[in-house]
Amino acid sequence: VVNAGFNWFEYGYPDRWNDAAVKQLAAGGVRPFAYINAGELNTGFGSSTGYNGANLGWNPDFPNSYNVDMTNPSWQTWLVNRAETAYQQGARGIKWDVAEPRIAPGKTRQDVNNAFANVMQTIRARHPDMRFVVNQGFSIANARPDLVSGIQHESLLSLIAGGHPSWPNEQLAKLKALHDSTGMPVFLAEYGDPW
């Protein structure tokens, strides 16, 4: 990764890499980004998250994960603590997955954006050098471009090439509009056959 000339690199879950490897990225001029799921809780974490809010629905693609209430203070505390763990490991960025969290009953998208912004502001107050990339987080990226350093989207070019252009082209247009209005970098993650 260092020799390939990358500037930013998402290395995955904060507790899956050793600290020396993450620090080696930084020493080589690469900003390490940890992966944190902003909107879903994987049951593999058990009760360690301390989340005491509602289950807002299971993810059919990842059956061990369910959607959480971003406005719940216990979830915000978990996200801040997870980011702190990543920072201590050497991460200087967070890639927030599921960055368009579900809206809990009685809440609004604005409530969710405010809660998400609160998490990022708390982290940034502790560590001004932290940067944030959101995966498909159009709401928070448009509402708070001062906190979001980049936006990612997945498989759009693959879907277009596969003959499914309507939705991906709409998403690409939204990415372009966000980039044009804010200058925010756009990252496209494409997945190929590993064989």
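Details of the structure are given in the entry above.
Residues numbered from 1 in each chain as written. Predicted model: local features only at pLDDT ≥ 70, side-chain atom pairs only at ≥ 80, totals over all residues. Heavy atoms only, no water.

Its 18 residues place the ends of helix H3 (residues 109–126) 26 Å apart at the C-alpha level, agreeing with the 26 Å of an ideal helix rising 1.5 Å per residue. Turning to H3, its buried residues are Val112, Asn113, Ala115, Phe116, Ala117, Val119, Met120, Ile123 and Arg124. Buried residues along H3 sit against helix H2 (73–89), strand S5 (93–97), strand S6 (131–135) and helix H4 (138–143). (Helix = DSSP H or I, 4+ residues; strand = E, 2+ residues; numbered from the N terminus. Expected span 1.5 Å × (residues − 1). Buried < 20%, exposed > 50% of the residue type's maximum accessible area, 1.4 Å probe, protein only. Contact = heavy atoms within 4.5 Å.)

One pass over the full model with this rule turns up nine aromatic pairs. With a centroid separation of 5.6 Å and 80° between ring planes, the pair formed by Tyr51 and Trp75 is classed as edge-to-face. A residue pair is termed long-range when its members are at least 10 positions apart, and Tyr51 in the loop between strand S3 (40–42) and strand S4 (65–67) and Trp75 in helix H2 qualify at 24 residues. A relative accessible area of 1% places Trp75 in the buried class. Geometrically, the ring pair formed by Trp96 and Phe116 is edge-to-face, given 5.6 Å between the ring centres and 80° between the ring planes. Here Trp96 is found in strand S5, whereas its partner Phe116 is found in helix H3, with 20 residues between them in sequence. The residues Trp96 and Phe116 share a single accessibility class, namely buried. (Phe/Tyr/Trp six-rings, centres within 6.5 Å; stacked < 30°, edge-to-face > 60°.)

With that out of the way, let us pick up the layout of surface pockets. Counted as a void, the largest pocket has a volume near 890 Å³. Taken together, 35 residues make up the lining of the largest pocket; nearest its centre are Glu40, Asn59, Phe62, Asp97 and Val98. Counting only elements with at least two residues in the lining of the largest pocket, the list comes to strand S2 (31–37), S3, S4, H2, S5, strand S7 (150–154) and helix H6 (166–182). Its residues placed into classes, the lining of the largest pocket shows 16 nonpolar, ten polar and nine charged. Volume-wise, the second largest pocket comes out at about 280 Å³. As for the second largest pocket, its lining consists of Phe6, Asn7, Trp8, Phe9, Glu10, Phe33, Lys95, Val133, Gln152, Phe187, Leu188 and Ala189. Here the lining of the second largest pocket is composed, by residue class, of eight nonpolar, two polar and two charged. (1 Å grid on protein atoms, 1.4 Å probe; cavity = no way out; pocket = protein on both sides within 12 Å on 5 of 7 lines; lining within 4 Å. Points joined across faces, edges and corners; volume = space filled by probe spheres on them. Nonpolar A, V, L, I, M, F, W, Y, C, P; charged D, E, K, R; others polar.)

Attention now goes to a nonpolar patch on the surface. Residues Leu157, Val186 and Leu188 make up a contiguous nonpolar surface patch of roughly 220 Å² in combined accessible area. Inspection of the secondary structure assignment puts Val186 in strand S8 (residues 186–189). Judged by relative accessible area, which is 33%, Val186 ranks as partly exposed. (Patch = residues over 30% accessible without salt bridge, like charges linked within 9 Å, V, L, I, M, F, W, Y side chains within 5 Å. Areas by Shrake-Rupley, 256 points an atom, 1.4 Å probe, with all protein chains shown as cover. Salt bridge = Lys/Arg side-chain N within 4 Å of Asp/Glu carboxyl O.)

Mapped onto the elements, Asn113 comes out in helix H3. Residues within four places of Asn113 in sequence aside, it is in contact with Ser139, Ile140 and Ala143.

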